[in-house]
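What follows is the residue order along each chain.
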Amino acid sequence: MLATFLIGLREGLEAALVVGILVAYLSRLGRRDALPRLWAGVGLAVALALAIGAVFTFGAYMLTFEAQELIGGSLSLLAVGMVTWMIFWMQRAGRTLKAGLEGGVDRALRGSVWALVAVGFVSVAREGIETTLLLWSMVQSFGDAPLALAGAVLGLAAAIVLGWAIARGMLRLNLGRFFTWTGAFLIVVAAGVLAYAIHDLQEAGALPGPFGAGAPIDPRTGAVLVGVAGFPLGWAFEVSGVIAPGGALAALLQATVGFMPQMTWLQVLAWTVYVAVVVPLFVRGVRANRRPSPGAAGATASAPASAPRGDARPTPTPDAATATASAPHPNGAS
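Just so we're clear, the structure is a prediction, and the values are computed from it rather than from any experiment.

Looking now at the pattern of salt bridges. Overall, the coordinates contain 5 salt bridges when judged by the stated rule. The shortest N-O distance in the salt bridge between Arg 10 and Glu 11 comes to 3.5 Å. Owing to a relative accessible area of 2%, Arg 10 belongs among the buried residues under this scheme. With a shortest N-O distance of 2.9 Å, Glu 102 and Arg 28 are connected by a salt bridge. You can see Glu 102 sitting in helix α4 (residues 97-110) and its partner Arg 28 sitting in helix α1 (residues 2-28), a full 74 residues away along the chain.

Glancing now at the side chain of Asp 218. Mapped onto the elements, Asp 218 comes out in the loop between α7 (175-204) and β1 (235-238). By relative accessible area, which is 15% here, Asp 218 ends up buried. Separated by 3.0 Å, the side chain of Asp 218 and the backbone nitrogen of Arg 220 make a polar contact. Once residues within four sequence positions are removed from consideration, Asp 218 is found in contact with Ala 223 and Leu 225.

Turning our eyes to something else, we now look at the nonpolar core. Core analysis: the largest hydrophobic core is formed by 26 residues, its most contacted members being Ile 7, Leu 134, Met 138, Val 189 and Tyr 274. For this core, the secondary-structure elements that each account for two or more residues are α1, α3 (65-93), α5 (113-142), α7 and α9 (265-290). Considering every element that reaches this core, the biggest residue donor is α7, with 9 residues. What Val 189 contacts, discounting residues up to four positions off in sequence, is Ile 7, Leu 134, Met 138, Ala 255 and Thr 256. Counting 18 residues, the second largest nonpolar core, distinct from the first, contains Val 18, Leu 38, Trp 89 and Leu 97.

The rules behind the values
Residues numbered from 1 in each chain as written. Predicted model: local features only at pLDDT ≥ 70, side-chain atom pairs only at ≥ 80, totals over all residues. Heavy atoms only, no water. Salt bridge = Lys/Arg side-chain N within 4 Å of Asp/Glu carboxyl O. Buried < 20%, exposed > 50% of the residue type's maximum accessible area, 1.4 Å probe, protein only. Helix = DSSP H or I, 4+ residues; strand = E, 2+ residues; numbered from the N terminus. Polar contact = N/O pair within 3.5 Å; in protein donor to acceptor, adjacent residues only side chain to side chain. Contact = heavy atoms within 4.5 Å. Core = buried A, V, L, I, M, F, W, Y, C linked by side-chain atoms within 4.5 Å.

Listed below in structure tokens is the structure:
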């Protein structure tokens, strides 16, 4: 429940801030008459995300077990790809997100009636589809759908309240730090979803593993080998006797780091490689965003020495920005 709550909170707040930017900009332009078209686009995006979730959930019942595992594993891989892309997209585009959205509104107002509907739809649909895929994959891996979905709903509700409070100027939140920490959390979650996707694809027979004919077998017991002897198509470890698969500790570990009491070598390797590649790239992006741009440094160096200290307004970065009512977006820059 905690894992899905944090995902719902992060993704929901991201969407809420985007909508807040669009609503605030239309209000500043004196075009509140265009708000119904914007909200229509947002509503269509939400409806699309719910429809996709319903198709994934109820459509699977009509498939064979192997087909369910194949589709589940493939969609989990897609969710990992989308989450990873969104994490790095936020690092790169965060500073210009507000200007890009406002430019889209300007173009839409000069276009047809449906142009602004499209702006609202596209701005929210991306987060909605990503959230649906990720939550669906996590619900499948947890096995406790009601509790996981309850956490996601609570997270989305909290995101709506926080987004409204930020837009109204009632709350000041360091959004750069928030998205940095939740981005790091999502990397670990995505690694766990990737490991579970590998497990599904192995059960479906799409990838070799302990469920297929090529699994290493102990000639004495007939069981699939565990540990070094089982590398690379057997079990990496089996600790079900220590950590009960259906227990609270197993659920907590699976929700946070993707750990399962019994994991294959391919799962462990996929988890390790993903974290080893993505974490350094993420940390490098965080450090790059903290460094001032060369233009800002040059402007500071050329400023008159007698200028009052209060006149210096350095360009905010995603890690130092604080959200205000006039700039309700993920990096806090106006």
